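Inside the fold
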Amino acid sequence: IGKVAMLKSVAASYEKSKQYAEAGEWYKKILNVKKTPTKTDLYNAANSYYRIGQFAQSADLYTLYTQKFPDDAFGYYMVGKSFWGIDTVMKYGLANNSFIKAIEVGELYPDKSKIIPQLMGSYKYLFAYSVNVLKNKELALSYADKALVIDPNDAEIKANREMIAPLTLKPD
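Residues numbered from 1 in each chain as written. Predicted model: local features only at pLDDT ≥ 70, side-chain atom pairs only at ≥ 80, totals over all residues. Heavy atoms only, no water.

**Examining unusual backbone geometry**
One non-glycine residue with positive phi stands out, namely Lys18, at about 60 degrees. You can see Lys18 is positioned in the loop between helix H1 (3–16) and helix H2 (20–33). The class of Lys18 is exposed, set by a relative accessible area of 61%. (Helix = DSSP H or I, 4+ residues; strand = E, 2+ residues; numbered from the N terminus. Buried < 20%, exposed > 50% of the residue type's maximum accessible area, 1.4 Å probe, protein only.)

**Brief notes about the packing of helix H5 (residues 73–86) against helix H7 (residues 116–134)**
Where H5 meets H7, the closest approach of the two axes is 10 Å, and the angle between their N-to-C directions is 40 degrees. Accordingly, the angle class assigned to the pair H5 and H7 is oblique. Seen from above, H5 lies across H7 with left-handed handedness. Judged by residue contacts, Phe74, Tyr77 and Trp84 of H5 engage Pro117, Gln118, Gly121, Ser122 and Tyr125 from H7. Among the residues making up the contact of H5 with H7, the classes are represented as five nonpolar, three polar and no charged. (Axes fitted to C-alpha atoms, helices over the stretch in contact; angles between N-to-C directions. Parallel < 35°, antiparallel > 145°, perpendicular 65-115°, else oblique. Left-handed = near helix turned anticlockwise from the far one by under 90°. Contact = heavy atoms within 4.5 Å. Nonpolar A, V, L, I, M, F, W, Y, C, P; charged D, E, K, R; others polar.)

**Concerning the nonpolar core**
Formed by 45 residues in total, the largest nonpolar core has its most connected members in Tyr62, Tyr125, Phe127 and Ile157. For Tyr125, the contacting residues outside a window of four places in its chain are Trp84, Met90, Gly93, Ala95, Asn96 and Phe99. (Core = buried A, V, L, I, M, F, W, Y, C linked by side-chain atoms within 4.5 Å.)

**Side note on the pattern of salt bridges**
It is possible for side chains of opposite charge to pair when their charged atoms get near one another. Using the criterion set out here, one finds nine salt bridges in the structure. Note that Lys39 is salt-bridged to Asp72, the shortest N-O span being 3.0 Å. Of this pair, Lys39 sits in helix H3 (residues 39–51) while Asp72 sits in the loop between helix H4 (55–68) and H5, and the two are 33 residues apart along the sequence. A relative accessible area of 9% places Asp72 in the buried class. Across the pair Lys114 and Asp111 runs a salt bridge, and its minimum N-O distance is 3.7 Å. By relative accessible area, Lys114 is classed as exposed at 67%. (Salt bridge = Lys/Arg side-chain N within 4 Å of Asp/Glu carboxyl O.)

Put into structure tokens, the structure is as follows:
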């Protein structure tokens, strides 16, 4: 068997036994060996780190994904999720640009049905950031409205929108 197949086999074995850090290291070796790593190769490496909360490594690998596949909203979304894992209370807004880029790229898709989770997740994050950090009701409502265009039946965003619509938000 070839070198890449051998590396995948070892990585998959670690992944199957839920040893994600080890799996990530072996999936990362594939990136160094393969001339043109695929989306799946990059995803496997990045997601192994994401699953165990090693968000900086995950963000680095998903950033590489966005560089190789700049028209794929998923990569930006996962960079955002990785940064959110680092900045869990949104204090520094580390994930903002990634979620904004996921939306920007995703909105260009002629068929959004395959990326609804990424668009909705991005809008929900930006809604929460606008409410909790920026205290900007109008911006938050604009994100909620855009999310509801994607999924008019999303109970969470509908409820959150209804909850903040009548409020006056004041900066801390």
